[in-house]
Every structure is written in structure tokens, then in C-alpha cells.
Amino acid sequence: MQEIIPSDLATVNFPVPILYLDLASHQDAGAAPISAGLVVFLADGLPVGQAYVDRPEAAAELAGRVVRPDTLAHARQIAQAPLQNRDVSILICTKDRPEELRRCLASIPEQSLKPVEIIVVDNASSGDATRRVVEDAGATYVREDRVGLDFARNAAIRAAKTEFVAFTDDDVVLHERWLEDLMKAFDRPEIGCVTGLILPGELATPAQFIFEKHWGFGRGYIRQDFGRDFYDSHRRYGAPVWTIGAGASQAFRRKVFDEIGLFDVRLDMGAAGCSGDSEYWNRLLHHGHVCRYEPTAVSWHFHRKDMQGLARQIQQYMSGHIAALLVQYQNTGNGGNLRRILISFPKYFAGRLRKRLRKGATSHDFFLKQEMLGSVNGALYVLRRWKMRAW
């Protein structure tokens, strides 16, 4: 049965190609034009800019528009920066996805900075396929039978013995300099967390294209620091901490967990839906730490392929998002989180609903029902567990 797709994707040919072009090799304006797809420009092996192309365009002209000189300068600076000794563990949480996990683990031996240990937490998978994959890779296997991503993350943190810990997901492949560049970004003691650039592993289906276009994990090619100024300037409606990065690529100083606690188990997959990572970043900012987004720490995420799976994911995302706002209010007392739920979101959904009724469903509004249902579910989920011990 053919999936129904939004009208604005009717003319898109799938799979959408992802083209990686080296800047040094594609500066000739006379070269054959790029016809269609996601174009990612590379400098010294690192992505430094991207653009979607739907009509023929010269690579040199496109690069001139999307690759910023400061991005190039930063990538070169990071490449030349000395790496201090960093004892770091790579932590992966997984459940019933042994082949995806195998692909992720296969990218770790290529890391330019070798981790002290690789810890895989099996979050109540059925059978022993996950254990076999972990053992084949020479990683440490930890079992966590309490279902929920944040139960698994906390188990991984407790098992780690290093000064730093770096999280990735089982459906991710790592650039060879991912871990090195995450660690280089911890160049000031107040930086408690660093996130990285996540690109799509493929855009083979409409579902993957919609997710990347409207829900993707990429945060651009400019390093950003998020500190107390960012947190305080958004106090009226709560800081938009989800702009800091994504949980599939994040590293922490191990000591912050001793200071402000572990991940809140009411959040993320297996519980409210997601946003355990962004709630933790919010907690870090509240306690005076800095979160840094480092675009040279690159990885690739393989999004869900089918529209039905994407619909469930988006409902879970919005459920987790609203739940996280309530948890952030409970943890910090910042009423801006409640104002975002009670004022901003109703206005936001009302405007999008009017637009959809007037112009029809585009890829931006195709899952509006799931977003609204998820928002209600997230609020109810946390309110039922308001007095629960968080971790």
C-alpha cells in the first residue's frame, strides 16, 4: 500500500541524493552543475556548509553562498589545536536493534582519539543478539531491565570510570574525528556539556526527508556557547534549550552528574517520549554551567523510513517536549516553562491549524494532529508522576 505524502513533496524524487563535495576540488565555475539533492561541502574532511538543491547550480557559486569564512577558519583551528589528555568513555544505549548497533560500533575503531572504554547498555532487549554484537565488538555489556532511555543512560554513567563521557545512539555512525573534536571543545572549566553536528545518513524516503527538514538534529556550522546570559534572556518563556544539540551526540564532564544529579527517568523514550537531554542541558545552565555546540564533531543519524513510524515518533517528541517543560519548572521554579505551555503553544498550534485549514497539509503540518495529541499526553504523563523520584 502506497503511503500518502504531503502535496509539497509530490515532485520530489526519492531517494534524495546526498552529495559530499570537497571545496578544494569543486571551485571551478566551469564544472558540471549540481542538479538536485542535499549538497554538503567538505574542507580537510570535515563538513563546513550545506544546501538543498532542486535545480541545476554551479558548485562554486553554491559554495560561495553557504560556506562562511569563519566556519572554515574554525574547522582549521580545531584541527590544529593540541589535544590534552582526555580520559573518555563512549556510552551507547540500545534496545532490540542489533544490526544498527553493529553499524555504530564499527565506526568506533576508526576514531582518532581512542576511548578508554566503550559501554553499551542493553535496555531490556529480547533475546541475546544485542549481547553478542557487543561482545563481538569488544565493548562492555551492561543490562538495564527498567525500560526507559534515561534509566539506561544513568546505568551507563554509573558504569563509566572516566573523567568525561560521550553519548551516541545505536542508529548513528561517527566521523573519525567525532570524539577528538568533542573533547577539544572542553577548553574551559565551566563547559559542562558539548554537543555535535548530526547529518542525515540517508534521505531515501519521504519520512526521512520530512524529519530532516522539520525535525532534524543539525544545528548548523557555527560554534555556539550557551550560558547564563542565554538562560536568563529567555526567562519569560523558558530557554529554548533544544537548540543546543541532540542527545545522539553529546559529551559531559563526569563530575556534573555528581553535582546536579542524573537524567530524569520520567523523560525520553520508554517514558514521556523524549527531551531527557534538553532537560539536563536546562539544569546545567540553571546551575551556572556552559553548554557548547561544536560543529566539527560530526556524526550521521539514520532516521525512521516509514510515515507511520515517523507519526509515532513525532507524537512521542511532542509528548516529551511538554513533559520536559513541566519537569524544568519543577526543578528550577522558572515560571517561563509554564507560560510556554499555557500561552505560547496554544497560540502556535492555533496559527498552524488555521494555515492548514486554509492551504491544506504541507510537510510542515502533516503531523499536526500527532503534535497536539502528544502535547496533551506529555502534560498528563508528568502530572501523574509529579512526586516521583527523578533518578
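Preceding this section is the structure that the text describes.
For the structure given in this document, a descriptive report is provided here. (Residues numbered from 1 in each chain as written. Predicted model: local features only at pLDDT ≥ 70, side-chain atom pairs only at ≥ 80, totals over all residues. Heavy atoms only, no water.)

## Focus: the overall build of the chain
At step 1: A count of helical and extended segments in the chain gives 13 helices and 12 strands.
At step 2: Taken against the 2.2 N^0.38 rule, which gives 21 Å for 391 residues, the C-alpha radius of gyration of the chain at 21 Å falls within 12% of a compact globule.
At step 3: Taking the principal axes of the C-alpha coordinates as reference, the chain spans close to 65 × 55 × 50 Å.
At step 4: With 391 residues in all, the chain has 56% of them scored as buried.
At step 5: Considering only contacts within the chain whose residues lie at least 6 apart along the sequence, 74% involve residues at least 24 apart.
At step 6: Within the chain, one finds 49 positive and 46 negative side-chain charges whose respective centroids are separated by 8 Å. (Helix = DSSP H or I, 4+ residues; strand = E, 2+ residues; numbered from the N terminus. Rg over C-alpha atoms; globule rule 2.2 N^0.38 Å. Buried < 20%, exposed > 50% of the residue type's maximum accessible area, 1.4 Å probe, protein only. Contact = heavy atoms within 4.5 Å. Lys, Arg positive; Asp, Glu negative; His and termini not counted. Charge placed at Lys NZ, Arg CZ, Asp CG, Glu CD.)

## Describing unusual backbone geometry
At step 1: With an omega of 0°, the peptide bond running from Phe-14 to Pro-15 counts as cis.
At step 2: Of note, Pro-15 is situated in the segment before β1 (18-22).
At step 3: The phi dihedral of Asp-96 is positive, around 55°, even though this residue is not glycine.
At step 4: Here Asp-96 lies in the loop between β4 (88-94) and α3 (98-106).
At step 5: Although it is not a glycine, Ala-124 sits at a positive phi angle of roughly 65°.
At step 6: Here Ala-124 shows up in the loop between β5 (117-122) and α4 (129-136).
At step 7: Ala-124 gets classed as buried once you look at its relative accessible area, which sits at 16%.

## Regarding the packing of helix α10 (residues 276-286) against helix α11 (residues 307-332)
At step 1: At a minimum axis distance of 10 Å, the contact between α10 and α11 shows a crossing angle of 25°. Between α10 and α11, the crossing angle belongs to the class labelled roughly parallel. In the packing of α10 onto α11, the handedness of the crossing is right-handed. Packed against α10, whose contacting residues are Ser-278, Glu-279, Asn-282, Arg-283 and His-286, the element α11 presents Ala-324, Val-327, Gln-328, Asn-331 and Thr-332 at the interface. (Axes fitted to C-alpha atoms, helices over the stretch in contact; angles between N-to-C directions. Parallel < 35°, antiparallel > 145°, perpendicular 65-115°, else oblique. Left-handed = near helix turned anticlockwise from the far one by under 90°.)

## Concerning the packing of aromatic side chains
At step 1: This structure, assessed with the given rule, holds 19 aromatic pairs.
At step 2: Seen in terms of ring centroids, Phe-257 and Phe-263 are 6.0 Å apart; in terms of plane orientation they differ by 45°. Their pairing is tilted.
At step 3: Here Phe-263 falls in the buried class, since its relative accessible area comes to 0%.
At step 4: Cation over ring: Arg-103 sits above Phe-302, and NZ or CZ is 3.8 Å from the ring centre.
At step 5: The ring of Tyr-381 carries the charged tip of Arg-385 above its face, separated from the ring centre by 3.6 Å. (Phe/Tyr/Trp six-rings, centres within 6.5 Å; stacked < 30°, edge-to-face > 60°. Lys NZ or Arg CZ within 6 Å of the ring centre and 35° of its normal.)

## As for the nonpolar core
At step 1: Grouped together as the largest cluster of nonpolar side chains are 121 residues, with contacts concentrated most on Phe-41, Phe-167, Phe-252, Phe-257 and Leu-284.
At step 2: A total of 12 residues in this core trace back to one element, the largest contributor, which is α11. (Core = buried A, V, L, I, M, F, W, Y, C linked by side-chain atoms within 4.5 Å.)

## Considerations on α4
At step 1: Among the residues of α4, Thr-130, Val-133 and Val-134 are the ones counted as buried. The buried residues of α4 all sit within an arc of 95° when viewed along its axis, so they share a single face.
At step 2: Packed against the buried residues of α4 are β4, α3, β5 and β6 (140-143).
At step 3: A positive phi of about 75° marks Gly-138, the residue just after α4. (Arc of directions from axis to C-beta.)

## Re the pairing of β6
At step 1: Both β5 and β6 contribute to a ladder of four bridges, which runs parallel. Residue Asp-122 lies in a different strand from β6, and its bridge partner there is Arg-143.
At step 2: Between the parallel pair β5 and β6, the chain is carried across by α4, and the sense of this crossover is right-handed. (Pairing = 2+ DSSP bridges. Right-handed = clockwise from strand over helix to strand, strands pointing away.)

## Some details on the environment of Ala-156
At step 1: Among the structural elements, Ala-156 can be located in helix α5 (residues 149-159).
At step 2: Residues Ala-156 and Ile-92, spaced 64 residues apart in sequence, show a C-alpha to C-alpha distance of 7.8 Å.

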